[in-house]
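The lines below spell out each chain.
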Amino acid sequence: MTKIAAEPFAFELEPSALALVIIDMQRDFIEPGGFGESLGNDVSRLRAIVPTVLRLLLSFRARGLPVIHTMECHRPDLSDCPPAKRDRGAPRLRIGDPGPMGRVLISGEPGAAILPELAPLPGEIVIEKPGKGAFYATPLQEELTRIGARQLVFAGVTTEVCVQTTMREANDRGYECLLAEDATASYFPQFETATLEMIRAQGAIIGWTATTEQILAGLRDD
Ligand code: C5J
């Protein structure tokens, strides 16, 4: 069995059960002028991982391995957006308001789209999710069962919110989770570091972390 050099210990790779899950690489979180920036965040930290995420994506595609893309967004009538999510903190822009790239985090609006350079190809699984975790109120579990995935490599944004929440949900469902540590980012560097540490603490209590190079080296050796 091929092993990926990972932390806190080697990740035993089962290529036939492997899938890449790319979390929320959406224009509204990452592009200047989008929702994320309007909340006062520095989006350049998120933008910086795009080439690394692309490298992972192209490698999985080249090996014919499954890719799943998630998008945090809501129905235009907001029927899947709890008021507690929309109203909390009285932000200047709320979900569903007209924003710099259309209605904020609404399915089908320009800002909710995945960055063009990472756009899903026909046949790749795309999960629109109303929560931070990608399993809540989505068909993700059924899709993973359908494709036979049991090991998930994670990339995307933001590390401590949607990436970590989804990894915890996946871990509770019995998936082996490996986070590509240089293909994930937060607006807050200290949260990114803390999340990587808490995921791999206590003997991989949530999962493993490895660099993209380590993951791709493991795939090359398989
Ligand atoms: C946030 C996300 N941070 N994709 N969403 O609200 O992490």
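Reading the values: rules and limits
Residues numbered from 1 in each chain as written. Predicted model: local features only at pLDDT ≥ 70, side-chain atom pairs only at ≥ 80, totals over all residues. Heavy atoms only, no water. Axes fitted to C-alpha atoms, helices over the stretch in contact; angles between N-to-C directions. Helix = DSSP H or I, 4+ residues; strand = E, 2+ residues; numbered from the N terminus. Parallel < 35°, antiparallel > 145°, perpendicular 65-115°, else oblique. Contact = heavy atoms within 4.5 Å. Nonpolar A, V, L, I, M, F, W, Y, C, P; charged D, E, K, R; others polar. Phe/Tyr/Trp six-rings, centres within 6.5 Å; stacked < 30°, edge-to-face > 60°. Buried < 20%, exposed > 50% of the residue type's maximum accessible area, 1.4 Å probe, protein only. Near = heavy atom within 4 Å. Polar contact = N/O pair within 3.5 Å; in protein donor to acceptor, adjacent residues only side chain to side chain. Areas by Shrake-Rupley, 256 points an atom, 1.4 Å probe, with all protein chains shown as cover. Left-handed = near helix turned anticlockwise from the far one by under 90°. Core = buried A, V, L, I, M, F, W, Y, C linked by side-chain atoms within 4.5 Å.

Q: Explanation requested: the packing of helix 4 (residues 50–62) against helix 9 (residues 212–221) in the structure shown.
A: What describes two packed helices is the angle between their axes and the distance between those same axes. Axis separation between helix 4 and helix 9 bottoms out at 11 Å; the angle between their running directions is 10 degrees. It follows from the interaxial angle that helix 4 and helix 9 lie roughly parallel. Contact with helix 4, carried on its side by T52, R55, L56, S59 and F60, involves T212, E213, I215, L216 and L219 of helix 9 and no other residues of that element. Counted by class, the contact of helix 4 with helix 9 contains 5 nonpolar, 3 polar and 2 charged residues.

Q: Help me understand the packing of aromatic side chains in this model?
A: Two measures describe an aromatic ring pair: the distance that separates the ring centres and the angle between the ring planes. In this structure the tally under the stated criterion is 4 aromatic pairs. With centroids separated by 4.9 Å and ring planes inclined at 90 degrees, the aromatic side chains of F11 and W208 adopt a geometry described as edge-to-face. Remark: W208 occurs in strand 10 (residues 208–210) and F11 occurs in strand 2 (residues 11–12); sequence separation between them is 197 residues. Assigned by exposure class, F11 and W208 land together as buried. Residues F135 and Y175 carry aromatic rings whose centres are separated by 6.0 Å and whose planes lie at 35 degrees to one another, so their mutual orientation is tilted. With F135 in the loop between strand 7 (125–129) and helix 6 (140–147) and Y175 in the loop between helix 7 (159–172) and strand 9 (176–185), the pair connects residues that are 40 residues apart, well separated along the chain. Judged by its relative accessible area of 7%, F135 is buried. By way of ring pairs, the aromatic residues F9, F11 and W208 are connected into one cluster.

Q: Help me out: how do you make sense of the site of the ligand in this one?
A: In the vicinity of the ligand, the contacting residues are D24, F29, E72, K132, V157, T158, V161 and C162. One of the side-chain N or O atoms of K132 is found 2.9 Å from an oxygen atom in the ligand. At 2.9 Å from an oxygen atom of the ligand is found a side-chain nitrogen or oxygen belonging to T158. Bound to the protein, the ligand loses 86% of the 230 Å² it would expose on its own. Class assignment of the residues belonging to the shell around the ligand gives a composition of 4 nonpolar, 1 polar and 3 charged.

Q: In this structure, what is going on with the packing of helix 7 against helix 8 (residues 189–204)? I would like to understand it.
A: Axis separation between helix 7 and helix 8 bottoms out at 10 Å; the angle between their running directions is 15 degrees. In this view, helix 7 runs roughly parallel relative to helix 8, as classed from their interaxial angle. Handedness of the crossing formed by helix 7 with helix 8: right-handed. Across the interface between the two elements, T159, E160, Q164, M167 and R168 of helix 7 pack against F191, E192, T195, M198 and I199 of helix 8.

Q: What am I meant to see in the environment of G174 here?
A: Note on placement: G174 falls in the loop between helix 7 and strand 9. Each C-alpha atom of the pair G174 and R150 lies 7.7 Å from the other, and the pair is 24 residues apart in sequence.

Q: What's the story with the nonpolar core in this structure? I'm lost.
A: The tendency in soluble globular proteins is for nonpolar side chains to be buried side by side. M25, L56, F60 and L178 are the most contacted members of the largest nonpolar core, which has 48 residues in total. Going through the elements one at a time, strand 3 (18–23), helix 1 (27–30), helix 4, strand 4 (67–72), strand 8 (151–157), strand 9, strand 10 and helix 9 are the ones with two or more residues in this core. Among the elements that line this core, the one with the most residues is helix 4, at 5 residues. In this view, L56 contacts L20, A155, A180, A183, T212, I215 and L216; residues no more than four positions away in its chain are not counted. Membership of the second largest hydrophobic core comes to 23 residues, among which are I68, A149, C177 and L179.

Q: Can you walk me through unusual backbone geometry in this structure?
A: Of note, the amide linkage connecting E7 to P8 takes the cis form, showing an omega dihedral of 10 degrees. With respect to the element layout, P8 can be found in the loop between strand 1 (3–4) and strand 2. Residue T158 is bonded to the preceding V157 through a cis peptide linkage, with omega at -15 degrees. Tracing the backbone through its elements, the reader meets T158 in the loop between strand 8 and helix 7.

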